[in-house]
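# Summary of structural features
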Amino acid sequence: MSLGMILDPINKVLNTNGLPSLTTPVLIGSMGVWALSLPFTSSKVHPQSSVRMRNLWFVVNRCCNLFGLLKTVPNKAKLIAVHEQVLDEEREAFNDSSSCEESKRSIFTIQLEGVDQEGNMFTPLGRFIFSVDMMLRLKRRLRFAKHVKSLPPSALNQPSSVEVNAPIVIVGLPRTGSTMISRLLSADPNSRSPLYWEFAHDSDDVSPADPKRADQDYRAKPVDDGFAKLSLFSPNGLSEFFKFHKVGATEHEEITGFSRRYFYDMETALLSPEAQRKRLEWQASPNVDRSFLATHLAVWFRLQPRAGDGEFWVIKSPAYTAWLPELASAFPNARFVFTSRDPKSVLPSLCGLNEVASSIKFDYKNGRDLAPLGEGVVGRISGYAKQQEAFIKSQPEKCLALSYREMVKEPLACVNEIYRHAGKDFTKEIEACMKAHMNDNKKGKHGKAVYSLEKFQLSEKMIDEEFKSYAQFL
């Protein structure tokens, strides 16, 4: 196609409207300016979304679709080979059983195939990011397993503070106040929570951090640098995410970073419908051996140096739901706190968080809008609610339920209740530390997220029906 064939119809329209004709140099110059602007300009990923993506990546996705590129996960064979290597190393490091290996191989395959199967919602760029991200997670597992193998047996024989002092395990559904209450508990000088970087770093050095200087560890900075690089894809994506959930290398963070080495959570809604179904079955089936999640985590805790005799851990993640019985077995003295909130508030909030987190990966083609995200979130959270209810009924003496309404209205009274449940003293000194934390971390500090059920084509009636049993915790 010659430039003349492009210019002639354009000039006909321009001349009809009394405008001068375009010349070849002007057209080429305009196209050059447009191309140069792509990395610096952005557009909404969807008309109803507040997240913007740089126009360069819109063009990349459209070119890939046009020329049939990245229709499948890149480097799939290499991912499978590295995963098999990981299984070999973990078998030796943790004495994983054959049923554990079968379980790990199953969830890996479900997720990897679900990105390519018919009905998946990944963009070409999303498949590329998925491949890179999965390789990073596999390498984290590989490094940790090799580190454990290199240690003398005596290093694993010392009881951890998790085993000596009852840890407080905060579960609940996502967006129910679990982060708020866990970070409040972290203000207690005797408490300890994993920092984000401790599970998310990609350094070859996987040795434990000094508990008194973990927030100054050199391995934290690359993690924060990684957050900053997200602006290469979206200029406002991280700030929009902060409206839902503040993240940072030295934040007291949930251990989703640990469980996400093995399985994805938020990305589940982007997998094919068949993979989503299998993923939820894997999570809930009594025939799946998920004990490796608890035993591997127990080893991590056992390697952590103790900061003092009174130290206790506060560990939090909705992802615990997939392995609550296994966690209770690995940490028999743990006390569980289940946060709850009206599902009609939980679901649009979580859908909004998923929308922000998955916006660069999600394909909005065929006018399906945001409904697939809503459907995927409802399926996953409904499964979580049923599993949490079953666990509370099976081990009620270990469980404490707190509503979001109570935590917002009387946060310190809720903390006092948690301490009583865990057999710990809630002193005036601890209370003062927590008040100082609340003064420094006002609600809405990073902005307020706006979300709604209608945006994701969800209805109150449908949610009430789906979560009828869960309502008893409100």
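Here goes a summary of the coordinates provided. Each chain carries its own residue numbering, running from 1 in the written order of its sequence. Two thresholds apply to this predicted model, a pLDDT of at least 70 for residue-level local features and 80 or more for giving and counting side-chain atom pairs, whereas whole-chain, interface and lining totals are computed over all residues. No hydrogens and no water enter the side-chain calculation; it runs on all heavy atoms of the structure.

### Section: helix α6 (residues 124–150)
To be explicit about the condition: For the purposes of this entry, the term helix denotes a DSSP run of H or I that reaches at least four residues, the term strand denotes a run of E that reaches at least two, and both are numbered from the N terminus. Working rule for helices: expected span equals 1.5 Å times residues minus one. Burial here depends on accessible area, computed with a 1.4 Å probe over protein chains only, as a share of the maximum for the residue type. Under 20% is buried, over 50% is exposed, and the range in between is partly exposed.
Over its 27 residues, α6 runs 40 Å from end to end, which matches the ideal 39 Å to within 8%, given 1.5 Å per residue. Extensive coverage of α6 is indicated by the burial of 20 of its 27 residues.

### Considerations on the pattern of salt bridges
Applicable threshold: In the sections that follow, a salt bridge refers to a side-chain nitrogen of Lys or Arg positioned within 4 Å of a carboxyl oxygen of Asp or Glu.
With the rule as written, the count across this model stands at 30 salt bridges. Residue R141 pairs with E90 through a salt bridge whose shortest N-O separation is 3.0 Å. Linking R141 in helix α6 with E90 in helix α4 (residues 76–94), this pair joins segments that are 51 residues apart in sequence. By the burial criterion, R141 is buried, and E90 matches it. With a closest N to O distance of 3.4 Å, E465 and K468 form a salt bridge. Its relative accessible area of 52% is what places E465 among the exposed residues. Taking the relative accessible area as the measure of exposure, K468 reaches 55% and is therefore exposed. Overlapping salt bridges, with partners in common, bring together E90, D96, K104 and R141 in one network.

### Quick word on unusual backbone geometry
Glycine aside, negative phi is the norm for most residues, and most peptide bonds take the trans geometry. Even without a glycine there, the phi angle at N95 is positive, about 60°. Residue placement: N95 occurs in the loop between α4 and α5 (98–114). Within the chain, Q457 stands out as a residue other than glycine whose phi angle is a positive 55°. Assignment of secondary structure puts Q457 in the loop between α20 (428–440) and α21 (460–466).

All we've got here are geometric facts, nothing functional implied.
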